[in-house]
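# Residue-level structure breakdown
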Amino acid sequence: MDFSTMAIHEGQAPDAATGATVVPVYQTSTFTQQGIGEHKGFEYSRLSNPTRTALEVSLAALEHARYGLAFASGLAAEHAVFSLLNPGDHIVTVANVYGGTVRLFERLFSRYGITFSYVEGSDAQEFEGAIGSNTKLIWLETPTNPLLTIVDIEAVASIARARGVLLAVDNTFASPYFQRPLELGADIVVQSTTKYIAGHSDVIGGAVLLNDASIYEELRFFQNTIGAIPGPQDVWLTLRGVKTLAVRMRQHETNAFAVARFLQDHPRVSQVYFPGLPQHPNHEVARRQMSGFGGMVSFRLKEGNRESVNAFVKKLKVFSLADSLGGVESLVCFPMVMTHDAVPEKQRLELGITGDLLRLSIGIEGIDDLLADLKQALA
Ligand SMILES: *Cc1c(COP(=O)(O)O)cnc(C)c1O
C-alpha cells in the first residue's frame, strides 16, 4: 500500500462502537468490565487506550515495523530503549547526537553504570573500532543535528549484527516518509513525533517502532511500569498530523532545496549544509538510504558572530526564532546558545557549533516569501 494511503487509514478504521469515521478521543482512565477478567481488550489507560493504540498501529505501519509504542515525548521513548541495558553495559553513539540524548546519557544513565563512546559517524568503520566486549547498543542519528551529517545505516547495521550489538536509529529528522531504518537493518527506530510526524508545533510526543517480539514485550513492560505515556488528546493531535505527513514532507523538501541553493549563491554565506546538495560530503550515502533529503538546512554567516547573527534573526519576519523543527512554519535557531547550550564548550567547538552557525527548519509556506525574507535579512 502507498505511504499516503497507510498514513490515512492504518490503525484508523471507523470506530467499532459508533461508526465515527475519525478515531475518537477516548478521554477515559479506565474501562468497565463485564465480569472479572472479562473485558473488551482495555482495562486502564496507562496499559493501553484505544486512541493510543490507533497511533501505535499507524506509526508501526509507516516505519514498516511489526510493533509500535507511543510515549509522552521523544526523550521518554529514548529512556525506554536505554532501559534495556544493565549496569556495566556500553553504548556507541555519534558525537553530533541530539543534546537531550547526551543529557540523558551523561546525567542519568551514567549514574546506573552505563558508559558511552562518541564517534564522528561519517565512516562506518569508526563504529567497529569503538565496540567493546560490553557494548550492547549502537545509537545512531542521521541526518544529525545541526550539521546534517549522514551515517550509513546499512554499513553500521552489518557491523552491529556481526558483533551481536543492537542498532537503534533516531529517525526524527528524516521521518518515515524519507527513511526507514528497519529496512536497512536497524533493530529499533525512535521518533520524536513532536517534529515532522505531528507536524504543527502543537504537541510533544515520541514513539518506538520495531520487529522483535521479545524486545517489544520488554519495552511494553517499561511503558506501563514507568508510565511515560501520552494522553488521548495529544495522541489524537498526532494522528491528525500523520495523515498529511507525505504531502508536508514533499513540500518541506522542495522548499529546503530552494533555500539551500539560494544560500549557496549568497555572498554573505560561507557554508551551507543540506544533504541534497551534491557538494555535501555524504550526499551519495544520503541518496542511497533516503528517498528525499528532508527540510532542514544549516548555514554559516560569513564572519558571523553572536551579534551579527542576532541582528540577522531579528530582521526575519516569516521565520520565527525558536527551538524545535518539523512544523508547517519556518523556524530559525542559533544552535550554540539554543539547542546545544548543554554541550560543553570544548566539545561544541570540536563539532563546529560556533557563533556563525544557524539552523533553519524550512516550513511549507510559499517559497517566494521564504526567500524574500532571507534576502532582506541578509542584506
Ligand atoms: C526533539 C528531538 C528529540 C527529543 O524529542 P522530544 O519530543 O522533544 O522529547 C530527540 N531526537 C531528536 C533528533 C530531536 O530532534
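Keep in mind it's a predicted model, so treat the numbers as computed, not measured.

### Comments concerning the sheet that holds strand 5 (residues 166-170)
In spatial order, the strands read 1-7-6-5-4-2-3; together these seven strands make up an open sheet with mixed pairing. Single-partner strands in this sheet number two, and they are strand 1 (67-71) and strand 3 (115-119). Across the sheet, the mean angle separating the axes of adjacent strands is 20° when strand polarity is ignored. Of the strand pairs in this sheet, strand 2 (residues 90-94) and strand 4 (residues 135-141) are connected by four bridges, and their pairing is parallel. Its bridge partner lying in strand 4, His90 is registered against Thr135. Strands in contact with helix 6 (residues 153-163) are strand 4 and strand 5; relative to strand 5, the strand with the most contacts, it is inclined by about 155°. Its contacts with the sheet put helix 8 (residues 213-226) on strand 1, strand 5, strand 6 (188-192) and strand 7 (206-210), and the angle it makes with strand 1 is roughly 20°.

### A look at the pairing of strand 7
Among the five residues that make up strand 7, five are buried, leaving the element largely enclosed by the rest of the structure. Taking every second residue as pointing to the same face, both faces of strand 7 are buried, with Gly206, Val208 and Leu210 on one and Ala207 and Leu209 on the other. The pairing of strand 1 with strand 7 spans five bridges and is classified as antiparallel. Following the sheet pairing, Gly68 is matched in strand 7 by Leu209.

### Re the packing of helix 2 (residues 50-62) against helix 9 (residues 232-242)
Helix 9 packs onto helix 2 with a crossing angle of 35° between their chain directions and a minimal axis gap of 9 Å. In this structure, helix 2 meets helix 9 at a crossing whose hand is left-handed. The segment helix 2 lies against helix 9, with Thr51, Arg52, Ala54, Leu55, Ser58, Leu59 and Leu62 engaging Pro232, Val235, Trp236, Thr238, Leu239 and Val242. Across the contact of helix 2 with helix 9, the residue classes break down as nine nonpolar, three polar and one charged.

### Observations concerning the packing of aromatic side chains
Enumeration according to the criterion identifies 14 aromatic pairs in this entry. Three or more aromatic residues joined by ring pairs form one cluster here, namely Phe82, Phe105, Phe109, Tyr112, Phe116 and Trp139.

### Some remarks on the site of the ligand
The immediate surroundings of the ligand are formed by 15 residues, with Gly74, Asp170, Ser192, Thr194 and Lys195 found nearest. Between the ligand and the protein, one listed contact pairs a nitrogen atom with a side-chain N or O atom of Asp170 at 2.6 Å. Separating an oxygen atom of the ligand from a side-chain N or O atom of Ser192 is a distance of 2.9 Å. Protein burial of the ligand: of its 380 Å² of free accessible surface, 93% is covered by the chains. The dominant element in the shell around the ligand, judged by the number of residues it contributes, is helix 3 (residues 74-82), at three residues. Its residues assigned to classes, the shell around the ligand shows five nonpolar, six polar and four charged.

### Re unusual backbone geometry
Residues Thr142 and Pro143 are joined by a peptide bond in cis, for which omega reads -5°. Along the chain, Pro143 falls in the loop between strand 4 and helix 6. Following Asn145, the chain continues to Pro146 via a peptide bond in cis, the omega torsion being 0°. Positionally, Pro146 belongs in the loop between strand 4 and helix 6.

### So, the UniProt feature "modified residue: N6-(pyridoxal phosphate)lysine" (unreviewed entry) in the protein
With numbering aligned to this structure, UniProt lists the feature "modified residue: N6-(pyridoxal phosphate)lysine" (unreviewed entry) at Lys195. Mapped onto the elements of the fold, Lys195 is located in the loop between strand 6 and strand 7. Beyond its immediate chain neighbours, meaning those up to four positions away, Lys195 contacts Thr172, Ser324, Leu325 and Gly326.

### What about the nonpolar core?
With 68 residues, the main nonpolar core has Leu263, Phe299, Phe312, Leu358 and Leu360 as its most contacted residues. With nine residues, the single largest contributor to this core is helix 10 (residues 245-264). Each of domain 1 (3-242) and domain 2 (245-378) accounts for three or more of the residues forming this core. Core analysis: the second largest hydrophobic core is formed by 48 residues, Ala124, Val151, Ile159 and Leu210 among them.

### Side note on the side chain of Asp373
Residue placement: Asp373 occurs in helix 14 (residues 367-378). Here Asp373 sits buried without a salt bridge, and the closest side chain of opposite charge, Lys317, lies 5.6 Å off (N-O distance). In terms of polar contacts, Asp373 uses its side chain to reach the backbone amide nitrogen of Lys317, at 2.8 Å. What Asp373 contacts, discounting residues up to four positions off in sequence, is Lys315, Leu316, Lys317, Val318 and Phe319.

### Description of the domain arrangement of the protein
Looking at the assigned domains, one finds that the protein contains domain 1 (3-242) and domain 2 (245-378). Here domain 1 and domain 2 have C-alpha centroids that lie 26 Å from each other. Contacts between the two partners involve 37 residues from domain 1 and, on the opposite side, 40 residues from domain 2. Summing both sides of the interface, domain 1 and domain 2 together bury roughly 3200 Å²; the carbon and sulfur share of this comes to 61%. For domain 1, the biggest contributors to the area lost against domain 2 are Leu147, Phe178 and Tyr196; these three give 26% of the whole. Run the count over domain 1 and domain 2 and you get one salt bridge. Of the charged contacts in the structure, one is a salt bridge between Arg288 and Asp152, with a shortest N-O distance of 3.3 Å.

Thresholds, definitions, all that
Residues numbered from 1 in each chain as written. Predicted model: local features only at pLDDT ≥ 70, side-chain atom pairs only at ≥ 80, totals over all residues. Heavy atoms only, no water. Pairing = 2+ DSSP bridges. Helix = DSSP H or I, 4+ residues; strand = E, 2+ residues; numbered from the N terminus. Axes fitted to C-alpha atoms, helices over the stretch in contact; angles between N-to-C directions. Contact = heavy atoms within 4.5 Å. Buried < 20%, exposed > 50% of the residue type's maximum accessible area, 1.4 Å probe, protein only. Left-handed = near helix turned anticlockwise from the far one by under 90°. Nonpolar A, V, L, I, M, F, W, Y, C, P; charged D, E, K, R; others polar. Phe/Tyr/Trp six-rings, centres within 6.5 Å; stacked < 30°, edge-to-face > 60°. Near = heavy atom within 4 Å. Polar contact = N/O pair within 3.5 Å; in protein donor to acceptor, adjacent residues only side chain to side chain. Areas by Shrake-Rupley, 256 points an atom, 1.4 Å probe, with all protein chains shown as cover. UniProt positions renumbered as here; feature names shortened; annotations may be inferred. Core = buried A, V, L, I, M, F, W, Y, C linked by side-chain atoms within 4.5 Å. Domains from an automatic or database assignment. Lys, Arg positive; Asp, Glu negative; His and termini not counted. Salt bridge = Lys/Arg side-chain N within 4 Å of Asp/Glu carboxyl O. Buried area = accessible area lost by both parts, 1.4 Å probe.

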